[in-house]
Amino acid sequence: MSIADTPSTSTITDRRAPDEAAPASETDIVRPTPTSLQDPDTPILEAHPPKPRVDLTHEAVIEGDDAETLWETYRSNFAELESEAILQHMFDKDEVLAEFADPRIIKVVGWEGSEPVGLGMLTKHLEAVPQISPRYLRAKYPEHAELDRIYYGILVAISPGYRGRTLSQRLYMEMWNIPATEGGVLIFDVCQYNRTNRDADAMAQLAASMFPGGSVGHIDSQTWYAAELPNPLPGT
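Residues numbered from 1 in each chain as written. Predicted model: local features only at pLDDT ≥ 70, side-chain atom pairs only at ≥ 80, totals over all residues. Heavy atoms only, no water.

Visitor: Looking at this structure, I do not really get the environment of Y74. What am I missing?
Guide: Among the structural elements, Y74 can be located in helix 2 (residues 64-78). Between the alpha carbons of Y74 and I158 there is a distance of 7.6 Å; along the sequence they are 84 residues apart. Ignoring sequence-local partners within four residues, the contact set of Y74 consists of H89, M90, F91, V96, L155 and A157. (Helix = DSSP H or I, 4+ residues; strand = E, 2+ residues; numbered from the N terminus. Contact = heavy atoms within 4.5 Å.)

Visitor: Quick question: what am I supposed to make of the side chain of N77 here?
Guide: Within the element layout of this structure, N77 appears in helix 2. Taking relative accessible area as the criterion, N77 reaches 17% and is therefore assigned buried. A polar contact is formed between the side chain of N77 and the backbone oxygen of T73, at a distance of 2.7 Å. There is a polar contact of 3.3 Å between the side chain of N77 and the side chain of S76. (Buried < 20%, exposed > 50% of the residue type's maximum accessible area, 1.4 Å probe, protein only. Polar contact = N/O pair within 3.5 Å; in protein donor to acceptor, adjacent residues only side chain to side chain.)

Visitor: Would you mind going over the pairing of strand 2 (residues 106-112) with me for this structure?
Guide: Look at any regular strand and the pattern is simple: side chains alternate between the two faces of the sheet. Taken across its seven residues, strand 2 has five buried, putting it largely inside the fold. With five bridges connecting them, strand 1 (residues 55-59) and strand 2 associate as antiparallel partners. Bridging from a neighbouring strand, T57 pairs with V109 of strand 2. Relative to strand 3 (residues 115-123), strand 2 runs antiparallel, the two being bridged by seven bridges. In the strand pairing of strand 3, E112 is matched with E115. Between the antiparallel neighbours strand 2 and strand 3 lie two residues, among them G113 with a positive phi of about 65 degrees. (Pairing = 2+ DSSP bridges.)

Visitor: Hey, could you run me through unusual backbone geometry in this one?
Guide: Backbone geometry follows two general trends: most residues other than glycine have a negative phi, and most peptide bonds adopt the trans configuration. If you check the backbone angles, D148 has positive phi at about 55 degrees while not being a glycine. Here D148 lies in the loop between helix 5 (142-146) and strand 4 (150-158). Relative accessible area serves as the criterion here: at 39%, D148 is assigned to the partly exposed category.

Visitor: Would you take a moment to explain the pattern of salt bridges for this structure?
Guide: Pairing between side chains of opposite charge can happen when their charged atoms approach one another. Taken as a whole, this structure holds eight salt bridges when the rule is applied. One salt bridge in this structure joins R104 and D102, with 2.9 Å as the shortest N-O distance. (Salt bridge = Lys/Arg side-chain N within 4 Å of Asp/Glu carboxyl O.)

Visitor: Whenever I open this one, the nonpolar core confuses me. Can you help?
Guide: I62, Y74, F78, F100, L119 and L155 are the most contacted members of the largest nonpolar core, which totals 22 residues. Looking at this core, the elements that each hand over two or more residues are helix 2, helix 3 (93-100), strand 2, strand 3 and strand 4. If one sorts the elements of this core by residue count, helix 2 sits on top with five residues. Apart from residues no more than four positions distant in its own chain, F100 is found in contact with A60, V61, I62, A67, L70, W71, K107, L119 and M121. With 18 residues, the next largest nonpolar core counts V54, V117, L167 and F211 among its residues. (Core = buried A, V, L, I, M, F, W, Y, C linked by side-chain atoms within 4.5 Å.)

Visitor: Explain the packing of aromatic side chains to me, please; I cannot follow it from the model alone.
Guide: Each aromatic ring pair is summarised here by two numbers: the centre-to-centre distance and the angle between the ring planes. On inspection of all chains with the given rule, the structure shows four aromatic pairs. Ring geometry for W176 and F188: centres 5.7 Å apart, planes at 45 degrees, overall tilted. Of this pair, W176 sits in helix 6 (residues 167-180) while F188 sits in the loop between strand 5 (185-187) and helix 7 (192-197); the two residues are twelve residues apart in sequence, bridging distant segments of the chain. For F188, a relative accessible area of 32% puts it in the partly exposed group. Grouped by ring-pair contacts, the aromatic residues W71, Y74 and F78 constitute a single cluster. (Phe/Tyr/Trp six-rings, centres within 6.5 Å; stacked < 30°, edge-to-face > 60°.)

Visitor: Would you explain the packing of helix 6 against helix 8 (residues 200-209) in this entry?
Guide: Between helix 6 and helix 8, the shortest axis-to-axis distance is 11 Å and the interhelical angle comes to 55 degrees. Between helix 6 and helix 8, the interaxial angle falls into the category oblique. Viewed along their axes, helix 6 and helix 8 form a crossing whose handedness is right-handed. Residue-level inspection shows Y172, M173 and W176 of helix 6 in contact with helix 8, the latter providing M203, A204, A207 and A208. Taken together, the residues that form the contact of helix 6 with helix 8 break down as seven nonpolar, no polar and no charged. (Axes fitted to C-alpha atoms, helices over the stretch in contact; angles between N-to-C directions. Parallel < 35°, antiparallel > 145°, perpendicular 65-115°, else oblique. Left-handed = near helix turned anticlockwise from the far one by under 90°. Nonpolar A, V, L, I, M, F, W, Y, C, P; charged D, E, K, R; others polar.)

Visitor: Looking at this structure, how should I read the environment of T73?
Guide: Among the structural elements, T73 can be located in helix 2. Taking the C-alpha atoms as reference points, T73 and S159, 86 residues apart in sequence, are found 5.1 Å from one another. Ignoring anything within four residues of it in the chain, the contact list for T73 reads A157, I158 and S159. Side chain to side chain, T73 and S159 meet in a polar contact 3.2 Å long.

Written as structure tokens, this is what we have:
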């Protein structure tokens, strides 16, 4: 029984002044007619239709209208990091479209019908990622390097209307499974803002736990210092 349905056993004392008018009686009160939020004759599946299905595909090249749509998705995801992270995350449109058109980069795309609503990108062609040192990764993972199974995760972006649903998890799992099918290693970076506000460490641990024998750990970091210098050296 809800609170509204619980009968009251307390006594109400009339604290009106003697000359104060009495409240309207039950017969004087006009109560609104209850309305139904749902037509009882409407089938429940029609009243509450299921969310449209989202399919995942692997694409080598994305161009045209699909590229424009995914550029807007990318921008809506990464623009906020321009003021939250010191390392550049938001790149110019021409650079992003060039990556969309680069067949060396695998694009995992979420589609609702013919509309792209999510994107994950990764590659084993390490030279296609200008922000990293391929030599470092090949030296750290020589066996994987010899078999060409070092992958770098570039980004994941979800259309605003699909955040907080299952699409992001599906994209992550699909991306991680690509190197997993080769027994490889996936490298990716996360800024401190996303580690703090998006619980990225726990998400990565959870993802790794889904793969038999899988694990994830920290391999490197870049520390940013700020020297505040209100005055010059004495005597200069």
